[in-house]
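Results of the structural survey
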Amino acid sequence: MYKDDLLFAHDIQVARTFFQRLRGLTGVRRLSAHAGMYFDHCNAVHTFFMKMPIDVLFLNRNNEVIKIVECVSPRKFCYCKGAVKTLELQGGAVRRMGIECSDHLQFVDPCVRTPIARELSFR
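Owing to the predicted nature of the structure, the values given are computational and were not obtained by experimental measurement. (Residues numbered from 1 in each chain as written. Predicted model: local features only at pLDDT ≥ 70, side-chain atom pairs only at ≥ 80, totals over all residues. Heavy atoms only, no water.)

**Some details on the pairing of strand β7 (residues 65–72)**
- Pairing geometry for strand β6 (residues 54–59) and β7, over five bridges, is antiparallel. Counterpart to leucine 59 in the pairing with β7 is valine 65.
- What sits between the antiparallel neighbours β6 and β7 is a turn of five residues, in which asparagine 63 has the positive phi angle 65°. (Pairing = 2+ DSSP bridges. Helix = DSSP H or I, 4+ residues; strand = E, 2+ residues; numbered from the N terminus.)

**A look at the packing of aromatic side chains**
- Per the stated rule, a full pass over the model turns up one aromatic pair.
- A ring pair is formed by phenylalanine 18 and phenylalanine 19, whose centres lie 5.2 Å apart and whose planes are at 80°; its orientation type is edge-to-face. For the pair phenylalanine 18 and phenylalanine 19, a shared accessibility class is recorded, and that class is exposed. (Phe/Tyr/Trp six-rings, centres within 6.5 Å; stacked < 30°, edge-to-face > 60°. Buried < 20%, exposed > 50% of the residue type's maximum accessible area, 1.4 Å probe, protein only.)

**Some words on the side chain of threonine 86**
- Positionally, threonine 86 belongs in strand β9 (residues 85–90).
- Here the side chain of threonine 86 touches cysteine 42 through a polar contact of 3.0 Å, landing on its backbone oxygen.
- Those residues in contact with threonine 86, other than ones at most four positions away along the chain, are Met37, Tyr38, Phe39, Cys42, Asn43, Val45, Val56, Leu57 and Phe58. (Polar contact = N/O pair within 3.5 Å; in protein donor to acceptor, adjacent residues only side chain to side chain. Contact = heavy atoms within 4.5 Å.)

**Quick word on the pattern of salt bridges**
- Within this structure, the stated rule accounts for one salt bridge.
- Here glutamate 70 and arginine 95 are joined by a salt bridge, their closest N and O atoms 3.4 Å apart. With glutamate 70 in strand β7 and arginine 95 in helix α2 (residues 93–97), the pair connects residues that are 25 residues apart, well separated along the chain. (Salt bridge = Lys/Arg side-chain N within 4 Å of Asp/Glu carboxyl O.)

As structure tokens, this is what we get:
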């Protein structure tokens, strides 16, 4: 996944089935700095039964970030009217990566990476 020409996440799991979407990151104790979970056709998430805080990005049809909810703790619910996609990342990742509302994210097949892309440095 890219923001502009910078690779910021390369281990994104896509929740495709009903059970993958229902489970999400429930039970995951730690998420790496480059990992996350993507939900298509989704404008709300919950963190019930989760073990860690997460950052939630809500996206529109054009993959533009329209809302960011940082460090959502377990047992919470967040929603974004107008969102059609959701990306969950490690808590604190949004700030560390410099992601802001109106940023455009690009999802690419890992085998088809742009040669000019550079990885962000994670502190």
